[in-house]
Every structure is written in C-alpha cells, then in structure tokens.
Amino acid sequence: MEKNIKLGLVGFGFMGHCDADMLADFDGIQLKAVADINPAQLQDAPKGVETYAGMDDMLARADINTVMISTPNPSHLEMVEKAAAAGKHIICEKPAAMTVEQFDRMTKAVQKAGVLFTVHQQRRWDKDFRIMKEVYDRNMVGKPYIIKSQLYGFNGNMHDWHVFPEMGGGMLYDWGVHLIDQILNMVDAPILSLYADLRNVINERVDDYFNILLRFENGVTAEIELGTYYLTPKRAWFIGGDKGSALIDGWDGEGKIVRTAHLLENVPNKITMTAAGPTRSFGPPPPGLLLEEPLPEVRVSHRQFFEHFLRAFRGEEEMMVKPQQVRRVLRVMEAVRESARTGKAAYPDSEA
Ligand SMILES: NC(=O)c1ccc[n+]([C@@H]2O[C@H](COP(=O)([O-])OP(=O)(O)OC[C@H]3O[C@@H](n4cnc5c(N)ncnc54)[C@H](O)[C@@H]3O)[C@@H](O)[C@H]2O)c1
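The rules we used
Residues numbered from 1 in each chain as written. Predicted model: local features only at pLDDT ≥ 70, side-chain atom pairs only at ≥ 80, totals over all residues. Heavy atoms only, no water. Pairing = 2+ DSSP bridges. Helix = DSSP H or I, 4+ residues; strand = E, 2+ residues; numbered from the N terminus. Axes fitted to C-alpha atoms, helices over the stretch in contact; angles between N-to-C directions. Phe/Tyr/Trp six-rings, centres within 6.5 Å; stacked < 30°, edge-to-face > 60°. Domains from an automatic or database assignment. Contact = heavy atoms within 4.5 Å. Buried area = accessible area lost by both parts, 1.4 Å probe. Near = heavy atom within 4 Å. Polar contact = N/O pair within 3.5 Å; in protein donor to acceptor, adjacent residues only side chain to side chain. Areas by Shrake-Rupley, 256 points an atom, 1.4 Å probe, with all protein chains shown as cover. Nonpolar A, V, L, I, M, F, W, Y, C, P; charged D, E, K, R; others polar.

A.B. asks: Even after reading the chapter, I still don't get the sheet that holds strand β5 (residues 89-92), so can you show me in this structure?
C.D. replies: By definition, the strands of a sheet pair up through backbone hydrogen bonds, in either a parallel or an antiparallel sense. The 6 strands lie next to each other as β3-β2-β1-β4-β5-β6, forming an open sheet whose pairing is parallel. Two strands close off the open sheet at either side, each with one partner strand: β3 (50-52) and β6 (117-119). When the angles between neighbouring strand axes are averaged without regard to direction, this sheet yields 25 degrees. Pairing of strand β1 (residues 5-10) with strand β4 (residues 66-69), which is carried by 4 bridges, proceeds in the parallel orientation. Its bridge partner being in β4, Val10 is matched across the sheet by Ile69.

Right, here's the structure in full:
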C-alpha cells in the first residue's frame, strides 16, 4: 500500500494557491502538478511542480495518486467522474456538487472506481467552531436548548463568479455549506424540521442573506444566520443551556461562559424601572449573581484536514469528512431553498 500522497491540483486560483501554500512543507503529501485553463494562474506555480493547461493530461500521470479539485462549483461533477475513472483518490472543494442528484452521481463514480473521496470542509477545524463544539460535547452549559451561529459582513457585493447563479454563486453555496456542516457535526441527532429565509438583499441574482432554523430530535434548536449586507460585521456564537450560556464574538474564539451563582427560584416580586417601563424579569442582575468563566482552550488548524486525510489514505483511521455527511448538508441546502420558496417548514432528514 502507498504511504504518501502524490497530489495533482486542478484549479489554481484563490483556493488552489491557499492549498499549495499549506502543502508546501507537508510530511507525506507532495504537490506534483497543478492544472488551470488560465495560463496566468500558472505563472507562480511552486518550483518543481509541473503545470498543465487542463486536467486530462495531468490525470495521465501514473505517479499522481490523488487529485484535488479547486475549480468553480459547476465543474466538480465532471472532474470527479474523470478523476475516478482515472483511478485517482479525490479531494473535492465545497460545495462538492450543486445538487444532491449530482452528488449521487459522484458517489456512484467513486464507488465504481474504488477510490477515496472526501470534500474540503476545512471549517470543521475553525477555532470558534471547535470551542463551541467542545462546550457542547462536554455539556459545559448543561443541557443545550439553543445554538446560534452568526456571520455578518459589510461587503454585500459578491466577487468574481459568485455573482452568477449558474456558476454556483451566492452565499448559501459559499459559506452556507460550511455553517450547516459545522452544526450537523455538533448536534448528533436527526432534524425534525427546518424553516428558512433566503434573500437577495442587494444582489439581484444570488442570495446574500439567510436565516435557517433547525429543530433537532434531541430538543436542540439551531439558528444559522448570515448577512453580507448586515453592516455590523462579526462572527458570533451562542449556546444556551440549563446550566449557563456560552458566547463567542470574534474569529479567534473571543468569548466566555456565564453562569448564575444560584438560580433565582420564585423570587419576591421586585419591580425595576427601565426606559421601556417597569419590569420584574429583565432588570439588571444583582451584583455577584452572574459569574464568568473562560471558554475551553483548543488547538486547531486547517492543516488538520490534510493530516486526517493522510491518515485515512494510509488506512490508519476513518475518513473525517464522509460522503454521507456531505450529502446530508446538500439535502439541508435544498430544504433551505424549498422552505424559503414556500414559506413553510421542510424536512431534510425525512426523505424516502
Ligand atoms: N474550503 C474552503 O474553505 C474554500 C474557500 C474558498 C473557495 N472554496 C471553493 O474552491 C473552489 C474554487 O474557488 P476559488 O475561490 O479558488 O475560485 P477562483 O476563481 O479563484 O479559482 C478557480 C480556478 O479554476 C480555474 N478553472 C476554471 N475552470 C477550469 C477547468 N475546467 N480546468 C482547470 N482549471 C479551471 C480558473 O481559471 C481559476 O484559476 C470553489 O468550489 C469554492 O467554493 C473553498
């Protein structure tokens, strides 16, 4: 059995360059070749890495055992089918496919060829997500009832091919696939129902805002909200449980866990005057009632995606990003579109 990955990368644009940089000094993975239809992209190919004007010639190389597909979304299906037919293992960029139907054709092709197939869901190794997954897995705020994952920006206009629906543009295909994948990797339970809103706020042709509510069978509700024209830029998380709240506001996992020193059980009726009038439940907390704790420490990096892939390639562990997980995320994305269109709930886990 081969021990090392000899990689050919197709699509040497933004992501192709990011991955080539990450793999520049990576024990066990050697970048052998890059292919791109735009010659300008190949000009700064790393030294010693062969360049190709298209994928086909690169696939003919016997010394390449794995192909990474980093081209725009609609091209993934044909490339996965070709790479599988050439007997190469495959890492495909996200979203792997535009539809579940396309994805099923991909999995059929890789199964027939007997090659490994995974998708570059590298945001499973984001620090903010990992911290919140740790909070959730270790019941650090007790039994959770709500998880919120929020991403807001100010750059409402999309760039490059992301403005074209036929190219797989829009934010659901771009960040949505990551944010949904993160939640499904945190909450290990069937989805009872989904309700979603998907809008074109300032982009005419592609979505630039979504709000997705997922109700899980284990009692957890997750809300994922993204807006590119929200004008209060932030990456934030909240988990509410029956023993505290955990919150993050920032890409580096800046945040805290908050608990109450004691539960206020049927306290005497005390009225606080606020600008909005009197309240008995929402006045400021008495001093000392709210206690803050640090969030758990995590050590994480996007390199870990490739470290896990290498171990799976060597047969040392299961593949981390599994085709059935990728398919479920695509199912959820289709349910988001359906719910946004009908205004009704959708049931992505209830398909025949
Ligand atoms: N995993 C992540 O975090 C992440 C981040 C960004 C982008 N992506 C994904 O990576 C993929 C590429 O996105 P990008 O931002 O790098 O786009 P990009 O436009 O910067 O790069 C795409 C490259 O593919 C080339 N290309 C197009 N058709 C080709 C073909 N038939 N054969 C060979 N080369 C071809 C283009 O010339 C271009 O250089 C998309 O699927 C995107 O969703 C993933």
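A.B. asks: Hey, could you run me through the packing of aromatic side chains in this one?
C.D. replies: For any pair of aromatic rings, geometry is given as the distance between the ring centres together with the angle between the planes. Counted by the stated rule, this structure contains 8 aromatic pairs. Relative to Tyr230, the ring of Tyr152 has its centre 3.7 Å away and its plane inclined at 5 degrees; by these criteria the two rings are stacked. Here Tyr152, found in strand β7 (residues 144-152), pairs with Tyr230, found in the loop between β10 (221-227) and β11 (234-241); they are 78 residues apart in sequence, far enough to count as distant. An aromatic cluster of three or more residues is present, and its members are Phe26, Trp125, Phe305 and Phe306.

A.B. asks: Where do I start with the domain arrangement of the chain in this structure?
C.D. replies: By a frequent convention, interface size equals the accessible area lost on bringing the separate parts together. The domains assigned to the chain are domain 1 (5-120) and domain 2 (124-300 + 330-350). Computed from C-alpha coordinates alone, the two centres of domain 1 and domain 2 are separated by 33 Å. Across the boundary between the two partners, domain 1 contributes 11 residues, which contact 12 residues of domain 2. Buried surface at the junction of domain 1 and domain 2, both sides included, amounts to about 980 Å², of which 66% is carbon and sulfur.

A.B. asks: Help me understand the site of the ligand, please; the structure alone is not making it clear to me.
C.D. replies: Surveying the vicinity of the ligand reveals 23 residues, the closest of which are Phe14, Met15, Asp36, Asn73 and Lys94. One of the side-chain nitrogen or oxygen atoms of Glu93 is found 2.9 Å away from a nitrogen atom of the ligand. A distance of 2.8 Å separates an oxygen atom of the ligand from a polar backbone atom of Lys94. Protein burial of the ligand: of its 850 Å² of free accessible surface, 84% is covered by the chains. Counting residues per element, the ones that place at least two in the shell around the ligand are α1 (14-22) and α4 (76-85). When the residues that make up the shell around the ligand are grouped by side-chain class, the tally is 9 nonpolar, 11 polar and 3 charged.

A.B. asks: Whenever I open this one, the sheet that holds strand β12 (residues 244-249) confuses me. Can you help?
C.D. replies: One open sheet holds the 8 strands; their spatial order is β8-β9-β10-β7-β11-β12-β13-β16, and the pairing between them is mixed. Each of the sheet's edge strands pairs with one partner strand only, and the pair in question is β8 (191-199) and β16 (290-293). In this sheet, neighbouring strand axes are inclined to one another by 10 degrees on average, regardless of whether the strands run parallel or antiparallel. Pairing between β11 and β12: 6 bridges, direction antiparallel. Each bridged residue has a counterpart across the sheet, and for Phe238 the counterpart in β12 is Leu247. Contacts from helix α6 (residues 127-137) reach β7, β11, β12 and β13 (255-260), with the element oriented near 0 degrees to β11. Where helix α7 (residues 171-186) meets the sheet, it contacts β7, β8, β9 (209-216), β10 and β11, and its direction lies at approximately 20 degrees from that of β9.

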